[in-house]
Amino acid sequence: MLTLLDQLDKGTLWRSPGGIHPPEVKFLSNATPIGQLPLASTYLVPVPQVGENCTLAVKVGDSVLKGTPLTQGTSIWHLPVHAPTSGTIVAIEPRASNHASALPVNTCVIAADGKDTWCELVQNQLDDLSHQQIVDKVRSAGIAGMGGAAFPTHIKLNPVSEIDLVIINGVECEPYISADDRLMREYSQDILAGIGIIHRLLTPKRIVIAIEDNKPEAAKAMQAAVSQCGLPAGSIRVTVIPTKYPSGGEKQLIQIITGREVPSGAIPAKLGIVVHNVGTAYAINQAVTQGKPLVERVVTVTGRNVGKPGNYWLPIGTPVDHVLTATEFTPEPDQKVIIGGPMMGHALANIQVPILKGTNCILVPSSQEIGSTPEEKACIRCGECATACPALLLPQQLFWHAKAEEYDKAASYNLKDCIECGCCSYVCPSDIPLVEYYRIAKSALKQAADEKQQAERAKQRFDARLARLEEEKLAREAKAKEASERRQASMTGTDKNAVAEAMARIAAKKAAAQAVTGESITKESSVTTTDTTEVPKGKAAVAAAIARAKAKKAAQANADGTDTNGAETDNAQIDSSVDVDATESATDAIAQEAPLSQKDKVAAAIARAKAKKVAQQTDTVPLEPTETADSTSELSAADDKKAKVAAAVARAKAKKAAQQAETAASDIEVSTEISVSDVNDAEAIKKAKVAAAVARAKAKKAAQQAETNAENGLNQTTTPAVDSTASVQADVNADAETAVNAVATDIEVSITDVSVNDAEAIKKAKVAAAVARAKAKKIAAASAESKTESEIESVDEIQTEDNVASPLIAATLDTATTEPEAVLPSVGSTAEPIETAPLSSDELKKARIAATIAKAKAKKAALAQEANASSDSSVTND
């Protein structure tokens, strides 16, 4: 199998995909030698790299010679710009660019003096220069790719990878352009000298000069120069390739010569291949051997509307309008001036723009050559564009995404590999300017990439700034630490004492500030404690006043121990009035002692209301007629004694029942307050507390009324002691239960009336009321049981001491135990006296048995009532 070098030596060629064969029309300009045009009065030299990687070396008013550098820089991408002629810098300002957009670019304006005087040039012998010196000379000369891309040549001459093949591109496939053709014909020896410099720098194995078969004169001239050059035999050859557009593209030419395809996004150097234009080789020789910078180039001026078409040496920066004027340009209406060829060139919006290093043609076609731009029509999806694409892309997909401004998707279809050859636009039957869409998309992507790069550089600068500030901070801290250590080392004993005293003063001030803060906190806490203890002090005063009133009442009761029912009723009224007076006096005393808070005022008002209500109810209790005077006189001394004992026992039991009822009411109040405490509304809580206070007053009033009724009942009855005790106990139990139930009901109603929106809080309050009713019933049952047992025991004691009894006792006890809650006959009715007689032993035994049976029945009834109360409570809770 032949190697690549063998195939190159044999002249083997490969077929490239795509491509077209447009009319060449090179005969307008390639028939005459390269000429010269008169100097322009003004030259426009763009300096777009100023501010990015270079600076201006001149200023306005400076005089310059031909070849004088206008910029200076150290970046590898910097291409120096030189004065194209001698003259004066008259302005440095933005001017229209040689671009389809005509965007302004920074430009040096040189007024030519007409002398065209060169600056001092340094000529060298190639053998006297090193590789690096050669590269530096090429770089300082500002040489860029002359084929149109304008890529810095010194970068291609100093690759990082080894180069095996160098291709000198002399194809020039674009229609109308003949600058390279005429240059190869006239300057073939200079071109070969430049190729020799490239060979010395890159030392490739083969050098191929590629020329299309439509340039036979150029191919013959180059072959003659090759045979006369001093390069090693067999290392360089001229290869003629078929005419086809765009065979002159870098990647397409590599594929034709070697059969290799450059990967997407890669450069030919990765394959060991470098491509240079014949104009670039000529400029390299001029720069290295003669020291001339790139200040002029060969430009084809052609078209039907040019009187003198041909190729001319034009200084870089020559205005296009000067060139057209010098070549006898005759414009037409809507005349187009195209920079470059008809396939890859762009129309100028302003002809006051300069010639650039990459400008190889100025085309001024007539209307017969290139008509007006046809109207764009809808894509018919014929696929001709894909067939003609030399880069094997999908122009149809690229067009859709570019038109929709979906540039990222267009990039995903390898938009960057498009060489903008124009084949797709040439074959499109819908006259769609596809290349224009691709150029816009590329510009947008380039702008986005530049912005991203600028943002990245800004981030790097910011990070560097933060690092610098941190370093400066650490340096300052270290410096301050060192200074502090030096001061401490040089400090005397007196200075140290002064520092210690200053530190002590600071600590004292800090402690004083903390003490003041603590004192203020203590004052606030003491004020709070005083506020919280005001109400308990008021309650204690009320309780003390009531206790004094009760003590007075007890003293009066001891003095009048044997009073009648009316007398005891008066005592009860006096007791109530005393309680009311005591409460009112205590309340007034508290009010006079200190100003009352809102809570104290409410408590005082409730106390006064309770006292008044108790007094009114005591006054309204009817005094039933007593007819006990006559009956009492008939009783014997023993019966009087028994009655007094029974009355004393009944009063004690009544007081005990009243206390239990009051305790139940307190429990109800506590449970109600706890239930209501869940309510968040402050007004509702206040109302609930007021209701609880009213309920407490009602419970106390009910207890007092029950006690009074019990005393009245005992004093009014004329029946035996057992009957009196049973009836009084039944009344007491009924009154106590009724009072407690009323209190619970009042609490429930009060809680229900509270306007609280919280349903959960209302439910808890109702449950507490039900629990209170159950407790009241239980207390009443327990009281009834205990009273019944006490009464029976009292009867047994009385029977044993006096040995008197009556058959009626058993019946009475039976009735009292089986029906503890029955309503006794009215106390007001007259009871007949019962005659008593000594009981025999059998009768006494029977009485005792009856009493025992009565006890058992009483216990059974109490248990049944307790069970009923528990069941009611569970139903209420459910």
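What you are looking at is a predicted structure, and each value in this text was computed from that prediction instead of being measured.

**Student:** Before we go on, may I ask you to explain the overall build of the chain in this structure?
**Tutor:** Counting secondary structure elements, the chain contains 24 helices and 18 strands. Put simply, the chain has 878 residues, and 41% of those count as buried. Considering only contacts in the chain between residues 6 or more positions apart, those separated by 24 or more positions represent 77%. Per element, the accessible surface of the chain, about 45500 Å² overall, is 55% carbon and sulfur.

**Student:** Before we go on, may I ask you to explain the packing of aromatic side chains in this structure?
**Tutor:** What describes a pair of aromatic rings is the distance from one ring centre to the other and the angle between the planes of the rings. Evaluated as defined, the whole model comprises 5 aromatic pairs. Joined through ring pairs, the aromatic side chains of Tyr187, Tyr282 and Trp313 make up one cluster.

**Student:** When you look at the pairing of strand β7 (residues 104–112) in this model, what are you seeing that I'm missing?
**Tutor:** On a regular strand, each side chain points to the face opposite its neighbour's, so the side chains alternate between the two faces of the sheet. As defined by bridge partners, strand β2 (residues 42–46) adjoins β7 across 5 bridges and the pair is classed as antiparallel. From the neighbouring strand, Thr42 faces β7, where its bridge partner is Ala111. Bridge analysis of strand β6 (residues 87–96) against β7 gives 9 bridges, and the strand direction is antiparallel. Each residue of the ladder has a partner; that of Ile92, found in β7, is Cys108.

**Student:** It is not clear to me how the sheet that holds β7 should be interpreted in this structure. Could you clarify?
**Tutor:** Sheet strands line up and pair through hydrogen bonds in the backbone, either parallel or antiparallel. The 4 strands lie next to each other as β2-β7-β6-β4, forming an open sheet whose pairing is antiparallel. Edge strands, defined here as strands with exactly one partner in the open sheet, are β2 and β4 (63–64).

**Student:** Honestly, the environment of Ala193 in this entry has me stumped. Any pointers?
**Tutor:** As for its position among the elements, Ala193 is in helix α5 (residues 188–202). A relative accessible area of 30% means that Ala193 is categorised as partly exposed. As for Ala193 and Ala281, which are separated by 88 residues in sequence, their C-alpha atoms are 7.8 Å apart.

**Student:** How do you make sense of the sheet that holds strand β11 (residues 273–277) when you look at a structure like this?
**Tutor:** Within the open sheet, the 4 strands sit side by side as β10-β9-β8-β11. Their pairing is parallel. Of all strands in the sheet, those bounded by a partner on one side alone are β10 (236–241) and β11. Taken pair by pair, the neighbouring strands of this sheet meet at an average axis angle of 25 degrees, ignoring direction. Of the strand pairs in this sheet, strand β8 (residues 165–169) and β11 are connected by 5 bridges, and their pairing is parallel.

**Student:** Explain a nonpolar patch on the surface here, please?
**Tutor:** Together, Ile76, Trp77 and Phe151 make up an exposed nonpolar region whose accessible area comes to about 310 Å². Looking at the secondary structure, you find Trp77 in the loop between β5 (71–72) and β6.

**Student:** Looking at this structure, I do not really get the environment of Glu296. What am I missing?
**Tutor:** Position of Glu296 among the secondary structure elements: in strand β12 (residues 296–302). Distance from Glu296 to Tyr312, taken between C-alpha atoms, is 9.8 Å for residues 16 residues apart in sequence. Every residue in contact with Glu296, bar those within four places of it in the chain, is listed here: Lys66, Trp313, Leu314, Pro315 and Ile316.

**Student:** Sorry, what's going on with the pairing of β11 here?
**Tutor:** When you tally the buried positions in β11, you get 5 out of 5 residues, the bulk of the element. Alternating residues of β11 divide into Ile273, Val275 and Asn277 and Val274 and His276, and every residue in both groups is buried.

**Student:** What's the story with the side chain of Gln286 in this structure? I'm lost.
**Tutor:** Take Gln286: it is sitting in helix α8 (residues 278–289). Look at Gln286 and you get buried, because its relative accessible area is 10%. Residue contacts for Gln286: discarding those within four places in its chain leaves Asp190, Gly291 and Lys292.

**Student:** It is not clear to me how the state of the cysteines should be interpreted in this structure. Could you clarify?
**Tutor:** Cysteine pairs can be linked by a disulfide, which is a covalent bond between their two sulfur atoms. All chains considered together, the criterion is met by 0 disulfides. Of the cysteine sulfurs around Cys423, a residue in no disulfide, the closest is that of Cys421, at 3.5 Å. Judged by its relative accessible area of 0%, Cys423 is buried.

**Student:** Would you take a moment to explain helix α7 (residues 250–258) for this structure?
**Tutor:** Helical periodicity: at 3.6 residues per turn, an α-helix aligns residues three or four positions apart in one direction. For α7, a buried count of 7 out of 9 residues is recorded, marking the element as mostly surrounded by other parts of the structure. Among the residues of α7, those classed as buried are Gln252, Leu253, Ile254, Gln255, Ile256, Ile257 and Thr258. The positive-phi residue at the C-terminal boundary of α7 is Gly259, with phi of around 80 degrees.

**Student:** Hey, could you run me through the environment of Thr302 in this one?
**Tutor:** Relative to the elements of secondary structure, Thr302 occurs in strand β12. In the structure, Thr302 is positioned 272 residues away from Asn30 in sequence and 9.8 Å away in space, judged by C-alpha atoms. Beyond its immediate stretch of four places on either side in the chain, Thr302 contacts Leu28, Ser29, Tyr176, Pro309, Cys361, Ile362, Leu363 and Val364.

**Student:** Which parts of the structure should I look at to understand the nonpolar core?
**Tutor:** For soluble globular proteins, nonpolar side chains are generally found buried alongside one another. Ile191, Ile195 and Ile209 are the most contacted members of the largest nonpolar core, which has 45 residues in total. Residue assignment for this core shows that the elements contributing at least two residues are α2 (131–140), β8, α4 (179–186), α5, β9 (206–212), α6 (216–228), β10 and α8. Those residues in contact with Ile191 that lie beyond four places of it in its chain are Leu183, Met184, Met222, Val278, Ala281 and Tyr282. Counting 22 residues, the second largest nonpolar core, distinct from the first, contains Tyr245, Ile254, Val262 and Ile273.

**Student:** Looking at this structure, I do not really get the packing of α2 against α5. What am I missing?
**Tutor:** Helix packing geometry: the angle between the two helix axes and the distance between the axes. Close contact between α2 and α5 brings their axes to 10 Å; oriented N to C, the two are set at 130 degrees. Considered as vectors, α2 and α5 are oriented oblique to each other. Relative to α5, α2 is oriented so that their crossing is left-handed. Of α5, the residues touching α2 (which contributes His131, Ile134 and Val135) are Ile197, Arg200 and Leu201.

**Student:** I'm lost on the side chain of Lys244 in this one. Help?
**Tutor:** One can find Lys244 in the loop between β10 and α7. Buried within the structure, Lys244 lacks any salt-bridge partner; its nearest side chain of opposite charge belongs to Glu212, at an N-O separation of 9.9 Å. Separated by 2.6 Å, the side chain of Lys244 and the backbone oxygen of Gly18 make a polar contact. Not counting the four nearest positions on each side in its chain, Lys244 is found in contact with Arg15, Ser16, Gly18, Gly19, Ile20, His21, Cys173 and Glu212.

**Student:** Would you take a moment to explain the pattern of salt bridges for this structure?
**Tutor:** Pairing between side chains of opposite charge can happen when the charged atoms of each approach one another. Here the structure, examined in full by the defined rule, presents 20 salt bridges. Among the ionic pairs, Lys308 bridges to Glu328, the shortest N-O distance being 3.6 Å. One end of the pair, Lys308, is in the loop between β12 and β13 (310–315); the other, Glu328, is in the loop between α9 (320–326) and β14 (338–339), and 20 residues separate them in sequence. Given the relative accessible area of 42%, Glu328 is considered partly exposed.

**Student:** Even after reading the chapter, I still don't get unusual backbone geometry, so can you show me in this structure?
**Tutor:** Excluding glycine, residues mostly have negative phi values, and the peptide bonds linking residues are mostly trans. Residue Tyr245 is joined to Pro246 through a cis peptide bond whose omega torsion reads 5 degrees. Mapping Pro246 onto the fold places it in the loop between β10 and α7. Residue Glu328 is not a glycine yet carries a positive backbone phi of 60 degrees.

**Student:** Looking at this structure, I do not really get the packing of α5 against α6. What am I missing?
**Tutor:** At a closest axis distance of 9 Å, the pairing of α5 and α6 adopts a crossing angle of 55 degrees. Our classification of the angle between α5 and α6 gives oblique. α6 is crossed by α5, and the crossing has right-handed handedness. Where α5 abuts α6, its residues Ser188, Gln189, Ile191 and Leu192 lie against Ala221, Met222, Ala225, Val226 and Gln228. The residue inventory of the contact of α5 with α6, partitioned by class, reads 6 nonpolar, 3 polar and no charged.

Criteria and cut-off values
Residues numbered from 1 in each chain as written. Predicted model: local features only at pLDDT ≥ 70, side-chain atom pairs only at ≥ 80, totals over all residues. Heavy atoms only, no water. Helix = DSSP H or I, 4+ residues; strand = E, 2+ residues; numbered from the N terminus. Buried < 20%, exposed > 50% of the residue type's maximum accessible area, 1.4 Å probe, protein only. Contact = heavy atoms within 4.5 Å. Areas by Shrake-Rupley, 256 points an atom, 1.4 Å probe, with all protein chains shown as cover. Phe/Tyr/Trp six-rings, centres within 6.5 Å; stacked < 30°, edge-to-face > 60°. Pairing = 2+ DSSP bridges. Axes fitted to C-alpha atoms, helices over the stretch in contact; angles between N-to-C directions. Patch = residues over 30% accessible without salt bridge, like charges linked within 9 Å, V, L, I, M, F, W, Y side chains within 5 Å. Salt bridge = Lys/Arg side-chain N within 4 Å of Asp/Glu carboxyl O. Disulfide = S-S within 2.5 Å. Core = buried A, V, L, I, M, F, W, Y, C linked by side-chain atoms within 4.5 Å. Parallel < 35°, antiparallel > 145°, perpendicular 65-115°, else oblique. Left-handed = near helix turned anticlockwise from the far one by under 90°. Lys, Arg positive; Asp, Glu negative; His and termini not counted. Polar contact = N/O pair within 3.5 Å; in protein donor to acceptor, adjacent residues only side chain to side chain. Nonpolar A, V, L, I, M, F, W, Y, C, P; charged D, E, K, R; others polar.

Taken by themselves, the reported measurements are silent on function.
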